[in-house]
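Analysis of the macromolecular model
So you can see what is in the structure, the chains are spelled out below.
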There are 2 protein chains.
Amino acid sequence: MGPLARTYKRSPIPLYLQVAATLRRRIEVGHWKPGQKISTLEELEAEFQMARVTVRQAIEMLENEGLVQCRQGKGTFVTRGIKDKRWLNLETEWSELVKTIEDNVPRFIDSADAPRQPRLKTGDGRLAEEYVHLLSVQSRHKEPYAVVSVHLARDVYERAPDVFRSRVALPVLSTLDGVTIARAHQTLVIGSADMEAAELLNIMLNSPTAEARCVVIDDQGVAVYVAEIIYRGDSVKLHIDLL
Amino acid sequence: MGPLARTYKRSPIPLYLQVAATLRRRIEVGHWKPGQKISTLEELEAEFQMARVTVRQAIEMLENEGLVQCRQGKGTFVTRGIKDKRWLNLETEWSELVKTIEDNVPRFIDSADAPRQPRLKTGDGRLAEEYVHLLSVQSRHKEPYAVVSVHLARDVYERAPDVFRSRVALPVLSTLDGVTIARAHQTLVIGSADMEAAELLNIMLNSPTAEARCVVIDDQGVAVYVAEIIYRGDSVKLHIDLL
DNA sequence: CTCAATTTGTTCGTATGTATG
DNA sequence: ACATACATACGAACAAATTGA
């Protein structure tokens, strides 16, 4: 094993998976474009300093994913017409945010083992007396992209229980009479899918996710809406105008 | 192997790594707090439906990381005084952004194999005649947290070459005479570390990253600054005020 | 048409790692 | 700690398809 392979060896993850990820990335960023021939096995062996069979195994993965096609005697080619990734743009403005999620149809899930109250951090206002918990999966094009766990102040919920049970909460909240939204903020970090999220989003355990925490505070300083959202990491994008 | 273990089996990643990641997460989110005893091997075996040795191997990893301490006859305990994660807040406002990165001292790196021009997308304005490329690593508390690859319009660069070669470009740009910034925007996606980024950031290959693309456009509609920034995924946080 | 060069595909033997009971 | 089964990784050799001389 060469010195380069040692860099890969620092990770306990199987080599062929690491190589597969590297190659997959090259295709994604356009280093190898659709229809184009990728490096030969010989070249890849040399580059990664690994056995032919190992590199082969990596390429086999990509072939099964439909990302490349191998042809004996000719080479391996990036599949033509790979559909562009469908990015989900996470809006950073209240009105835009409401607009984009307004028509989403969540699939609600029984949430037995949820904490009765949300955990608040500094700046999140103060707790309401009681909360209702709603767990749902959001989908687009039949593909689940986010798991949403919402704590909604009970008195707000009671104003339109059946609507909150069938629609996305945020847009409903913004149009509800008797509730004045004073502040709303969101924090975002990169995480990894736990068991539950992996199941619901149909992704691999521990694959990267974006974890958002969205808090809406009313004019009394009460956190009426606290959502913890787990997005698939491979489908979210954030666009920010700095000026 | 039980049904639960089958969920883990869907991933080609070794089981003990998956379990380790799951347990690590539990400690990070505070499910098990410092000083506290975590579940016994028996319980974990039962929960994950795996062989004792497999769970043990996962815990051994955490012990080597210093996250837990195992004591025969007593149990396994979360290490006291694990330092809180130092989050790096990615600002979403020009003035805040400039302020936070102003005093950073980048370590510049030779970049031979960089494209002469940045790839522009719609909304990025038009290309300048020529660009200078700068590659650097940003650190905080001696820990590298981002790799920055900047394309700077040559005529802008020439106005203060030695400053651009020793300081972070954005704040310099914002105070430079003769350059009027008309627009600036940033997009952010979740990616995974390639070879180069993994080396420079001292993280594992393919571990999650935040990939930012920051474009600054002058009053002529020219993209004078195009940066591609790769952050360690485990250290960035984004705070957005929605209202 | 044949031959050689190129390139993917397959097989074997061995060693080590992962996971079980 | 042990016996067992399967996955990962290696190197090397060989087979089969494609291409161009």
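Calculation notes
The residue numbering used here restarts from 1 in each chain and proceeds along that chain's sequence as written. Whichever chain is written first becomes A and whichever ligand is written first becomes 1, with later ones labelled in order. For a predicted model such as this one, the threshold for reporting local features is a pLDDT of at least 70, and the threshold for listing and counting side-chain atom pairs is 80 or more; totals across whole chains, interfaces and linings nevertheless cover every residue. Here a helix means four or more residues in a row that DSSP labels H or I, a strand means two or more in a row labelled E, and each is numbered from the N terminus. As a rule, residues whose C-beta atom has 12 or fewer other C-beta atoms within 10 Å are exposed, those with 20 or more are buried, and those in between are partly exposed; C-beta atoms are placed from the backbone. Residue pairs qualify as contacts under a 7 Å threshold applied to their C-beta atoms, which are placed from the backbone. When residue character is reported, Ala, Val, Leu, Ile, Met, Phe, Trp, Tyr, Cys and Pro are called nonpolar, Asp, Glu, Lys and Arg charged, and the others, Gly included, polar. Strand pairing is assigned whenever DSSP detects at least two bridges linking the two strands. Every angle, taken between N-to-C directions, lies between 0 and 180 degrees, and every axis is a line fitted to C-alpha atoms, over only the stretch in contact when it is a helix. Least-squares superposition of the copies uses the C-alpha atoms of those residues scoring a pLDDT of at least 70 in each of them. A score between 0 and 100, pLDDT records how confident the predictor is in each residue.

Before going further, it helps to spend a moment on the overall build of chain A. Scanning chain A for helices and strands turns up 9 helices and 10 strands. Along the longest, intermediate and shortest principal axes, the C-alpha atoms of chain A span 70 × 40 × 35 Å. Across the 243 residues of chain A, 31% fall into the buried class. When contacts within chain A are restricted to residue pairs at least 6 apart in sequence, those whose partners lie at least 24 apart make up 60%.

Below, the discussion takes up the interface of chain B and chain A. Across the contact, 42 residues belong to chain B and 43 residues belong to chain A. Secondary structure elements with two or more residues in the side of chain B that touches chain A: helix H1 (3–9), helix H2 (15–28), helix H5 (94–101), strand E7 (181–192), strand E8 (208–218) and strand E10 (236–241) of chain B. Tallied by class, residues from the side of chain B that touches chain A come to 23 nonpolar, 12 polar and 7 charged. Where strand E10 (residues 236–241) of chain A lies against E7 of chain B, 5 bridges are found, and the strand directions are antiparallel. Across the sheet, residue Lys-237 of chain A finds its bridge partner in E7 of chain B, namely Val-189 of chain B.

The strand order across the open sheet built from 8 strands is E4(A)-E5(A)-E6(A)-E9(A)-E8(A)-E7(A)-E10(B)-E3(B), with neighbouring strands paired in mixed fashion. For this open sheet the edge positions go to strand E4 (107–109) of chain A together with strand E3 (88–90) of chain B, each flanked by a neighbour on one side alone. Shown here is a sheet whose adjacent strand axes are inclined to one another by a mean of 25°, direction ignored. Two elements, strand E7 (residues 181–192) of chain A and strand E8 (residues 208–218) of chain A, share 11 bridges in a ladder whose sense is antiparallel. Looking at the pairing, His-185 of chain A lines up with Val-215 of chain A of E8 of chain A.

Right, let's get into the environment of Ala-114 of chain B. Residues and elements named next belong to chain B. Relative to the helices and strands, Ala-114 resides in the loop between strand E4 (107–109) and strand E5 (131–140). Distance in space between the C-alpha atoms of Ala-114 and Leu-135 is 9.1 Å, their sequence separation being 21 residues. Residues within four places of Ala-114 in sequence aside, it is in contact with His-133, Leu-135 and Ser-149.

The next point concerns the relation of the copies chain B and chain A. Superposition record for chain B on chain A: RMSD 0.2 Å, screw rotation 180°, translation along axis 0.0 Å. Both copies are brought into coincidence by an operation consistent with a two-fold rotation axis. Interface overlap between copies is the fraction of interface residues in one copy that are interface residues in the other; for chain B against chain A it reaches 100%, indicating a shared surface.

So, on to the confidence of the model for chain A. Should pLDDT be low for a region, the predicted coordinates there are not to be read in detail. Summary statistics for chain A give a mean pLDDT of 92 and a share of 97% for residues scoring 70 or more. Confidence, read as mean pLDDT per element, is least for helix H1 (residues 3–9) of chain A in chain A (66) and greatest for strand E2 (residues 75–78) of chain A (98).

Turning next to the sheet that holds E8 of chain B. In a beta sheet, neighbouring strands are held together by backbone hydrogen bonds and run either parallel or antiparallel to one another. The mixed open sheet is built from 8 strands, whose spatial order is E3(A)-E10(A)-E7(B)-E8(B)-E9(B)-E6(B)-E5(B)-E4(B). The sheet is open, and its two borders are formed by strand E3 (88–90) of chain A together with E4 of chain B, each paired with just one other strand. For this sheet, the mean inter-axis angle between neighbouring strands, taken without regard to orientation, is 25°.

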